[in-house]
Every structure is written in C-alpha cells, then in structure tokens.
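What follows is each chain in one-letter form.
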Amino acid sequence: MTNEFNWWNRSPEEGKYKVKAKLHGSVLTFTRHQGHHTQWEPHQPTDDDFDRLLSDAQKRVPRRLISPKQMAELEDIVARARLKL
C-alpha cells in the first residue's frame, strides 16, 4: 500500500509550507518544502500533523480510496509513531 497525503501548514516563524506524508507498507515518512522550486526536506511531525493525516485518510474511506483494513493499519502506525515522539 502506497498512499500520499498532502496539505499546507502555516506558522508565524516559518511561513507557509507544504507537508507530504507518504505511507509505503508500514513505513510512514514526512517531508516538507517551502516555495515552488525548493527541495523536499525531512519534516518532524507534530500532533496536529498526525491528526490531519488521520482526518484526510478518514475522508478517503467512504470513497473507497482506502479500505477499512488499511485505515486500521494506518491508525496503528500513527499510534506507534506518536509514542516515539
């Protein structure tokens, strides 16, 4: 299972930047970039990022882009990743 989730974050210190959460198998990676022609850099996710990832994934379940089984796996992966923070 490979899924990508993208959204924009805005912070007063860093400005506006795009966050990409990529799930490949059971590996979840977060990257970010600021501006159109900049490179993607590793991103340290916050609780808000995890919440946004789960809400975006939940929206895909009714449209059958993600199965309920995949959603349950994603919730487990996010729960383990939050423990590592």
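Observations concerning the pattern of salt bridges
The tally for this structure, following the rule as stated, stands at four salt bridges. As a salt-bridge pair, E14 and R32 come within 3.2 Å of each other at their nearest N and O atoms. Here the residue E14 occupies a position in the loop between β1 (2-11) and β2 (15-24), and R32 occupies one in strand β3 (residues 27-33), the gap between them amounting to 18 residues. What makes E14 partly exposed here is its relative accessible area of 38%. For R32, a relative accessible area of 12% puts it in the buried group. A salt bridge links D56 to R52; its shortest N-O distance comes to 3.4 Å.

Thoughts on the packing of helix α1 (residues 47-60) against helix α2 (residues 68-84)
To characterise two packed helices, one gives the angle between the axes of the helices and the distance between these axes. In contact at an axis separation of 11 Å, α1 and α2 are set at 180 degrees when each is read in the N-to-C sense. Between α1 and α2, the angle falls in the class roughly antiparallel. Of α2, the residues touching α1 (which contributes D47, F50, D51, L53, L54, A57 and Q58) are M71, L74, E75, V78, A81 and R82. When the residues that make up the contact of α1 with α2 are grouped by side-chain class, the tally is eight nonpolar, one polar and four charged.

What counts, and at which threshold
Residues numbered from 1 in each chain as written. Predicted model: local features only at pLDDT ≥ 70, side-chain atom pairs only at ≥ 80, totals over all residues. Heavy atoms only, no water. Salt bridge = Lys/Arg side-chain N within 4 Å of Asp/Glu carboxyl O. Helix = DSSP H or I, 4+ residues; strand = E, 2+ residues; numbered from the N terminus. Buried < 20%, exposed > 50% of the residue type's maximum accessible area, 1.4 Å probe, protein only. Axes fitted to C-alpha atoms, helices over the stretch in contact; angles between N-to-C directions. Parallel < 35°, antiparallel > 145°, perpendicular 65-115°, else oblique. Contact = heavy atoms within 4.5 Å. Nonpolar A, V, L, I, M, F, W, Y, C, P; charged D, E, K, R; others polar.

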